[in-house]
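Tertiary structure, described
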Amino acid sequence: MEVFDSYESLKKVLNEGVGSIGMVPTMGALHEGHLSLIRRAAQENQRVLISIFVNPTQFEEASDLINYPKTLVEDLKAIASIDSKTYVYVPKTNDIYGQNALTETFDLSDLDQVMEGSKRKNHFQGVATIVKFFLETFKPTKAYFGQKDYQQLQIILQLAEKLNLNTEIIGCPIVREVDGLAMSSRNKHLTPAERKIAPLVFKALLEVKEMSKNKKYSVLKSFINAFFVEHSQLELDYFVIADSKTLLEISDQDKAREGRAFIAVRLGKIRLIDNLDLA
Ligand code: AMP
């Protein structure tokens, strides 16, 4: 494992011709979800490049940015335990953005206007800004992203195509705790009582999947509304069934089983997101 805090010095090493590179961008506070991406990158490439950078341009609330969990020492230990040649890029903000962290604007074909995008203005423009920087600067052979952030994955797939970025984008399955809760760095902030009820979000999605075999979308929406009235510590932010590529919501009378279910829920101070293929 080699750690770099400047992209120039890292680029120099990569330019020496190190073979195929699999890149895994992260914001740190690594868990098994991140490690599954890193292991896959290690299997499929000669070198793995992991970035640990809490990207300011994708945060709307300064407090969310400041409070984002930081566990660099543990993160580096976890990466060092991976049996592969790894490069870790841990920059300060000015290495990437200079004095002014500005967001670029991309045409994301409205994939950024729905669900997370409608709740977090400019979030995906910030994500696209940093991903474009990584892919253009380091030119990895492949880059790995989790389906945990399914909307982000679709946006990056499209960005890479539109900008002719020469990197293959690989989507990887969601890694869950044994009780079904999708792993997330933010789960660290759940209180013990909140942690106990958090798996209900995935449970609701599983019930939706079962019902989607023979129920229309309108019925599933009513079910979800009632579910979260019953479990009132969990506040439903949105529940949407959408086409898995266009992310366009299906219509009320449609059978749901072809789409993908997306959910966001507030639990205390934490916002949980999850999604499930219904096919
Ligand atoms: P983050 O550090 O939250 O920006 O996540 C870095 C990458 O890890 C993103 O591509 C995420 O989608 C992915 N990721 C986060 N949590 C999980 C998970 N539970 N399972 C699979 N991938 C994940």
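It should be emphasised that the depicted structure is a prediction, and the values quoted were computed from it without experimental measurement.

Definitions and limits used
- Residues numbered from 1 in each chain as written.
- Predicted model: local features only at pLDDT ≥ 70, side-chain atom pairs only at ≥ 80, totals over all residues.
- Heavy atoms only, no water.
- Domains from an automatic or database assignment.
- Contact = heavy atoms within 4.5 Å.
- Buried area = accessible area lost by both parts, 1.4 Å probe.
- Salt bridge = Lys/Arg side-chain N within 4 Å of Asp/Glu carboxyl O.
- Polar contact = N/O pair within 3.5 Å; in protein donor to acceptor, adjacent residues only side chain to side chain.
- Helix = DSSP H or I, 4+ residues; strand = E, 2+ residues; numbered from the N terminus.
- Nonpolar A, V, L, I, M, F, W, Y, C, P; charged D, E, K, R; others polar.
- Core = buried A, V, L, I, M, F, W, Y, C linked by side-chain atoms within 4.5 Å.
- Buried < 20%, exposed > 50% of the residue type's maximum accessible area, 1.4 Å probe, protein only.
- Expected span 1.5 Å × (residues − 1).
- Lys, Arg positive; Asp, Glu negative; His and termini not counted.
- Pairing = 2+ DSSP bridges.
- Axes fitted to C-alpha atoms, helices over the stretch in contact; angles between N-to-C directions.

Further remarks concern the domain arrangement of the protein. Split into domains, the protein comes out as domain 1 (2-172) and domain 2 (185-277). For domain 1 versus domain 2, the separation of C-alpha centres amounts to 27 Å. Counting residues at the interface gives 22 residues for domain 1, matched by 17 residues for domain 2. Taking both partners together, domain 1 and domain 2 bury about 1700 Å²; carbon and sulfur atoms supply 54% of that area. A salt bridge links Asp237 to Lys119; the shortest N-O distance between them is 3.0 Å. Put simply, domain 1 and domain 2 have 10 residue pairs in polar contact (both at pLDDT 80 or more) between them. It is helix α8 (residues 150-162) that provides the largest number of residues to the side of domain 1 that touches domain 2, a total of three residues. Split into classes, the residues belonging to the side of domain 1 that touches domain 2 amount to eight nonpolar, eight polar and six charged.

Counting residues in hydrophobic clusters, the biggest one holds 73 residues, and the most contacted among them are Leu49, Val208, Phe239 and Ile241. Considering each element in turn, this core owes the most residues, nine residues, to helix α7 (residues 123-138). For this core, the domains that each give at least three residues are domain 1 (2-172) and domain 2 (185-277). Counting 18 residues, the second largest nonpolar core, distinct from the first, contains Leu30, Leu35, Ile38 and Ala41.

Between its first and last C-alpha, α8 extends 19 Å over 13 residues, near the 18 Å set by a 1.5 Å rise per residue. The complete set of buried residues in α8 reads Tyr150, Gln151, Gln152, Leu153, Gln154, Ile155, Ile156, Gln158, Leu159 and Ala160. The elements touched by buried residues of α8 are α6 (116-119), α7, β5 (142-146), β6 (168-172), β8 (260-267) and β9 (270-277). Looking one or two residues past α8, Asn164 carries a phi angle of roughly 55°, positive in sign.

As a further point, take the environment of Val175. By secondary structure assignment, the location of Val175 is in the loop between β6 and α9 (192-197). Residues Val175 and His34, spaced 141 residues apart in sequence, show a C-alpha to C-alpha distance of 8.7 Å. Filtering out sequence-adjacent residues up to four positions away, Val175 remains in contact with Glu32, Gly33, Ser36, Ala182 and Met183.

Looking at the element boundaries, Asp95 is found in helix α5 (residues 93-97). Despite its burial, Asp95 pairs with no opposite charge; the closest candidate is Lys92, at 10 Å N-O. A distance of 2.6 Å separates the side chain of Asp95 from the side chain of Tyr89, its partner in a polar contact. If we ignore the near neighbours within four places in the chain, the residues touching Asp95 are Asp5, Ser6, Tyr7 and Tyr89.

The next subject is unusual backbone geometry. In this structure, Ser109 takes a positive phi of about 50° despite not being glycine. Structurally, Ser109 is set in the loop between α5 and α6. Overall, the relative accessible area of 38% leaves Ser109 in the partly exposed class. Here the phi dihedral of Met115 falls at roughly 40°; this positive angle occurs in a residue that is not glycine. With respect to the helices and strands, the residue Met115 is situated in the loop between α5 and α6.

All right, on to the sheet that holds strand β7 (residues 234-242) then. Taken in spatial order, the three strands make up an open sheet running β7-β8-β9, and their pairing is antiparallel. Each edge of the open sheet is held by one strand with a lone partner, namely β7 and β9. Neighbouring strand axes in the sheet, compared pairwise and without regard to direction, differ in orientation by 15° on average. In this structure, β7 lies alongside β8, joined through eight bridges in antiparallel fashion. Looking at the pairing, Leu234 lines up with Leu267 of β8. The strands touched by helix α11 (residues 217-230) within the sheet are β7 and β8, with β7 carrying the most contacts at an inclination of about 165°.

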